[in-house]
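Residue-level structure breakdown
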Amino acid sequence: MAYVDFSSELLPATPAVAPRADPVPVNDRLTALEWSVVALARRDRLSSLAAPGALSIALGKVFGTRRHNPHLADPKLEALRRMAVLTWHRGFAVPASEVKAFLRAGFSTAQYETLTASIGVARDARAVRG
């Protein structure tokens with residue numbers, strides 16, 4: 001069995017990996033809750049973004065069908081869900097009005113870029129798998 005001396009005298013003074021010069025500010029990251037909203041939005045259809053029409057509501061009342069309401073109660077998380085659903089289905093071809101609504105909800109452009117890049121990588125991986 002070999003012996004390795006890990007005393008401080010033998011260790012290099014500089015770290016093996018230099019810290020990033022431009023660390024990502026904490027407020028430009030998505031929280032764990034926000035990432036879970038993005039993951040759940042992967043299964044939502046584009047139709048989940050539209051409000052149900054009058055006919056759909058009437059038929060639901062007549063036949064007693066209860067449609068699941070995918071909208072989130074928190075307006076900021078709902079804006080994130082909408083952006084994630086659009087990005088999962090359309091990639092970067094998201095209407096400018098939706099991007100503006102996303103930013104108005106309190107998200108930053110860095111968070112938008114992180115979201116779209118992450119979903120883009122996942123979409124590409126899904127396409128490769130078939």
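Residues numbered from 1 in each chain as written. Predicted model: local features only at pLDDT ≥ 70, side-chain atom pairs only at ≥ 80, totals over all residues. Heavy atoms only, no water.

Quick notes on the packing of aromatic side chains
Defined as follows: Pairs were defined over the aromatic rings of Phe, Tyr and Trp, the Trp ring being its six-membered one, requiring ring centres within 6.5 Å. Orientation was assigned from the angle between planes: stacked under 30 degrees, edge-to-face over 60, tilted for the rest. Burial status follows relative accessibility: with a 1.4 Å probe on protein chains alone, a residue under 20% of its type maximum counts as buried, one over 50% as exposed, and anything between as partly exposed. A ring is considered to have a charge above it if a Lys NZ or an Arg CZ atom is located within 6 Å of its centre and within 35 degrees of its normal.
Counting across every chain of the model gives two aromatic pairs. A centroid spacing of 4.5 Å and a plane angle of 5° characterise the contact between Phe 102 and Phe 107, whose relative ring orientation is stacked. Judged by its relative accessible area of 1%, Phe 102 falls in the buried class. Taken together, the ring pairs in this structure connect Phe 102, Phe 107 and Tyr 112 into an aromatic cluster. Positioned above the aromatic ring of Phe 107 is the side chain of Lys 76, whose terminal nitrogen or guanidinium carbon lies 4.8 Å from the ring centre.

Digging into helix 4 (residues 96-104)
To be explicit about the condition: A run of H or I in DSSP counts as a helix once it spans at least four residues, and a run of E counts as a strand once it spans at least two, with each numbered from the N terminus. Starting at the helix axis, one direction is taken to each C-beta atom, and the arc is that of these directions. The contact rule is simple, with two residues in contact once any of their heavy atoms fall within 4.5 Å.
Among all positions of helix 4, only Glu 98, Val 99 and Phe 102 are buried. The arc enclosing the buried residues of helix 4, seen along the axis, measures out at 100°, which places them on a common side. Exposed side of helix 4, more than 90 degrees from the buried face: Ala 96, Lys 100 and Arg 104 are the residues found there. In this structure, the buried residues of helix 4 make contact with helix 3 (75-90) and helix 5 (109-129).

Quick notes on the pattern of salt bridges
Worth spelling out the cut-off: Between Lys or Arg on one side and Asp or Glu on the other, a salt bridge is scored when a side-chain nitrogen of the former is within 4 Å of a carboxyl oxygen of the latter.
Counted under the stated rule, the structure contains three salt bridges. Note that Glu 78 and Arg 81 form a salt bridge whose closest N and O atoms lie 3.0 Å from each other. Highlighted residues: Glu 78 and Arg 81, both in helix 3, separated by three residues, approximately one helical turn. A relative accessible area of 9% means that Glu 78 is categorised as buried.

So, the packing of helix 3 against helix 4
How we decide: Axes, fitted as lines to C-alpha atoms, cover a helix only where it is in contact. Angles between the N-to-C directions of the axes lie from 0 to 180 degrees. Two helices crossing with the near one rotated counterclockwise from the far one by less than a right angle form a left-handed crossing, whereas a clockwise rotation gives a right-handed crossing. When residues are grouped by polarity, Ala, Val, Leu, Ile, Met, Phe, Trp, Tyr, Cys and Pro land in nonpolar, Asp, Glu, Lys and Arg in charged, and all others, Gly among them, in polar.
Remark: helix 3 packs on helix 4, axes separated minimally by 9 Å, with the N-to-C direction vectors making an angle of 145°. In terms of crossing hand, the pair formed by helix 3 and helix 4 is left-handed. Taking contact as the criterion, the partners of Ala 79, Leu 80, Arg 82, Met 83 and Leu 86 in helix 3 are, on helix 4, Glu 98, Val 99, Ala 101 and Phe 102. Taken together, the residues of the contact of helix 3 with helix 4 break down into seven nonpolar, no polar and two charged.

Here we look at the environment of Leu 33
With respect to the helices and strands, Leu 33 occurs in helix 1 (residues 32-41). By relative accessible area, which is 52% here, Leu 33 ends up exposed. Separated by 44 residues in the primary sequence, Leu 33 and Leu 77 have C-alpha atoms spaced 8.9 Å apart.

What to know about a nonpolar patch on the surface
Worth spelling out the cut-off: Like charges within 9 Å and nonpolar side chains (Val, Leu, Ile, Met, Phe, Trp, Tyr) within 5 Å are joined into patches, using only residues over 30% in relative accessible area that form no salt bridge. For every accessible area listed, the method is Shrake-Rupley and the probe measures 1.4 Å; residues are considered covered only by the protein chains on display.
There is a patch of nonpolar side chains on the surface, built from Leu 55, Leu 59, Val 62 and Phe 63 and spanning about 460 Å² of accessible area. Mapping Leu 55 onto the fold places it in helix 2 (residues 54-63). Judged by relative accessible area, Leu 55 falls into the exposed class, the value being 62%.

Brief notes about the environment of Ser 118
Along the chain, Ser 118 falls in helix 5. Owing to a relative accessible area of 33%, Ser 118 belongs among the partly exposed residues under this scheme. Taking C-alpha positions, Ser 118 is 9.8 Å from Val 38, a pair spaced 80 residues apart along the chain.

Nothing here speaks to function; it is geometry throughout.
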